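One-letter residues, chain by chain:
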Amino acid sequence: GDVVIGCDVDPSALATASVRLKEYIVKQPKPKDGINSDIEVGDGEKEKEKEETMVAEHNKPIFIPINSNFKDLERHVKALKHPITGKYLVYQDRDCNDAENNVDNDGKAFIGVDGILLDLGVSSHQFDNAERGFAFMKDGPLDMRMFGGKWANYDNLSPIPTKGNNSGGDGDESLSYQEYVNNLNVNRNSGGLTAADICNEFGEEEISRILKKYGDEPRARKIAQSIVAARPLKTTGDLKDAVAMVTPEFVKNSRRMGRTATLARVFQSLRIVVNDEEGVLREAFEEMAPSLIARGGRLVILTYHSMEDRAAKRVIRDGSVSSKRQSVERDLYGNIIRTKDSSPWRALGKMQKATEEEVKLNSRARSATLRVAEKI
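Residues numbered from 1 in each chain as written. Predicted model: local features only at pLDDT ≥ 70, side-chain atom pairs only at ≥ 80, totals over all residues. Heavy atoms only, no water.

Quick notes on the overall build of the protein chain
Across its full length, the protein chain holds 12 helices and 11 strands. Split into buried and exposed, the 376 residues of the protein chain put 39% on the buried side. Considering only contacts in the protein chain between residues 6 or more positions apart, those separated by 24 or more positions represent 61%. For the protein chain, the accessible surface area stands at approximately 21300 Å², while carbon and sulfur atoms represent 48% of it. (Helix = DSSP H or I, 4+ residues; strand = E, 2+ residues; numbered from the N terminus. Buried < 20%, exposed > 50% of the residue type's maximum accessible area, 1.4 Å probe, protein only. Contact = heavy atoms within 4.5 Å. Areas by Shrake-Rupley, 256 points an atom, 1.4 Å probe, with all protein chains shown as cover.)

A word on unusual backbone geometry
A cis amide bond links Arg231 to the next residue, Pro232, at an omega of 0°. As for its placement among the helices and strands, Pro232 is situated in the loop between helix 7 (220-229) and helix 8 (236-244). At Met144, a position not held by glycine, the phi torsion is positive, near 75°. Positionally, Met144 belongs in the loop between helix 3 (124-128) and helix 4 (177-187). Positive phi outside glycine occurs at Asp276, with the angle close to 50°. For Asp276, the position within the fold is in the loop between helix 9 (259-274) and helix 10 (277-292). Judged by its relative accessible area of 41%, Asp276 falls in the partly exposed class.

Remarks on the packing of helix 6 (residues 204-215) against helix 9
Following both chains from N to C, one finds helix 6 and helix 9 inclined at 100°, their axes separated by 8 Å at the closest point. Relative to helix 9, the element helix 6 lies roughly perpendicular. Contacts between helix 6 and helix 9 involve Ile210, Leu211, Tyr214 and Gly215 from the former and Arg265, Val266, Gln268, Ser269, Ile272 and Val273 from the latter. In terms of residue class, the contact of helix 6 with helix 9 is made up of 6 nonpolar, 3 polar and 1 charged. (Axes fitted to C-alpha atoms, helices over the stretch in contact; angles between N-to-C directions. Parallel < 35°, antiparallel > 145°, perpendicular 65-115°, else oblique. Nonpolar A, V, L, I, M, F, W, Y, C, P; charged D, E, K, R; others polar.)

Points about the nonpolar core
One finds Ile198, Leu239 and Phe285 to be the most contacted residues of the largest nonpolar core, which totals 62 residues. Once residues lying within four places of it in the same chain are set aside, the contact partners of Phe285 are Leu118, Leu120, Pro290, Ile301, Glu308, Ala311, Ala312, Val315, Val321 and Trp345. (Core = buried A, V, L, I, M, F, W, Y, C linked by side-chain atoms within 4.5 Å.)

Pasting the structure below:
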C-alpha cells in the first residue's frame, strides 16, 4: 500500500498530524524483519511499535512520522522500509551496472518519492500553546523555537561578551547575528537561539534590520529602540509592551499600521531568525526536494508570508531561491533549451489563494498561497 511520511522538527507537531491522519492507519505495524523502532511522539516520550503486524484497511495509506529537519530528511527517507513488506520505500532492485540509475552498493536503484507537500510556517497548535512563545495574544516565555526546546533561564546564564556598548545607535558595536549565534553555540547549553536572545543581546541596528528584512516593518527603527530600552525582556508580554510604547492601537484608514498588524510582523520577523527559516527554505527547495522527488513527481508548496512565497516562486522558475533571475535560452521554435543549471521544475497552473469557503472553515488559511510544480 501507499505510505505517507510526515516530517517535522517538533515532536508535538508529529503527534498532532498522527491524530489528524488516524483514518489512514490502524496502528503502527511491525516491520517484516521483526525489529521494533522507536518513534518520537507527543511530549518527546518514545513508544515501541505494536508487536503484531497489521495490514492497512481498505487500501488506505500508512502514516510514518519522522522527527527530522530538512537537512537530514533525505538520509532518513532513504533508510525507510515499508512497515509491512519490509522493502525499502524509495529503492528497487536494479542491475548494478545500470549507469542511468543512482545505484547503491547493494544494487538497489533510488526511484524517489511521488510527491512532497511543504506546509510552511507555524502550526496552529504551536500558536495556541502559550509556552512556545509564538503568539502575542497569550503571555508566555519569549522562545519561538520550532523544535520545542527548553527556554533558557537568563538569571542562571553567564552573559555573552559583546564588542562594545549594546545600546545601539551610531557607532553600535554589538555582536552581529552570526557572531552571536556562534558564541551561543560555544558558550551556552540552552538548546539554540531564542527570541529573548535576540531582544536582549542583539544591537539596535541588527534588530531594526531583522524587522525590516523579514517583516517589512515601517517602524523598524523605533521598535528596535523601544526593545533595547525595555531590556531585559523575558516574556511575550514584555515584547508586546515594548512594541505598544511606539505603536498606536488603531490608525485611521490603515490596518497595516495598527498595533495588531505590527505585532504580527514583529513576532514573524523574530521567529524567522530564531529558526533560520531562510536557510531552511533554501535547504528544502534547492537540495531536499529535487533529490527526493522522482521525475514526474509533484512539489506542492503552501506559503504564509511574502518571504516564503518569493522563495517558492523563484525556485520553481529558476531552481534557486536567489533573487538573481537566470537567463533562459530558447531554440528557433521558442522551446526552452535545458542545461544542467536549468530549473528541475515545471509550474503547474498559477498560484492559488484560499477560497472563501476554506477561510470560513479556517481563518488562518486567509494568508495561504498554494503553488504546484512537476519534476522534469
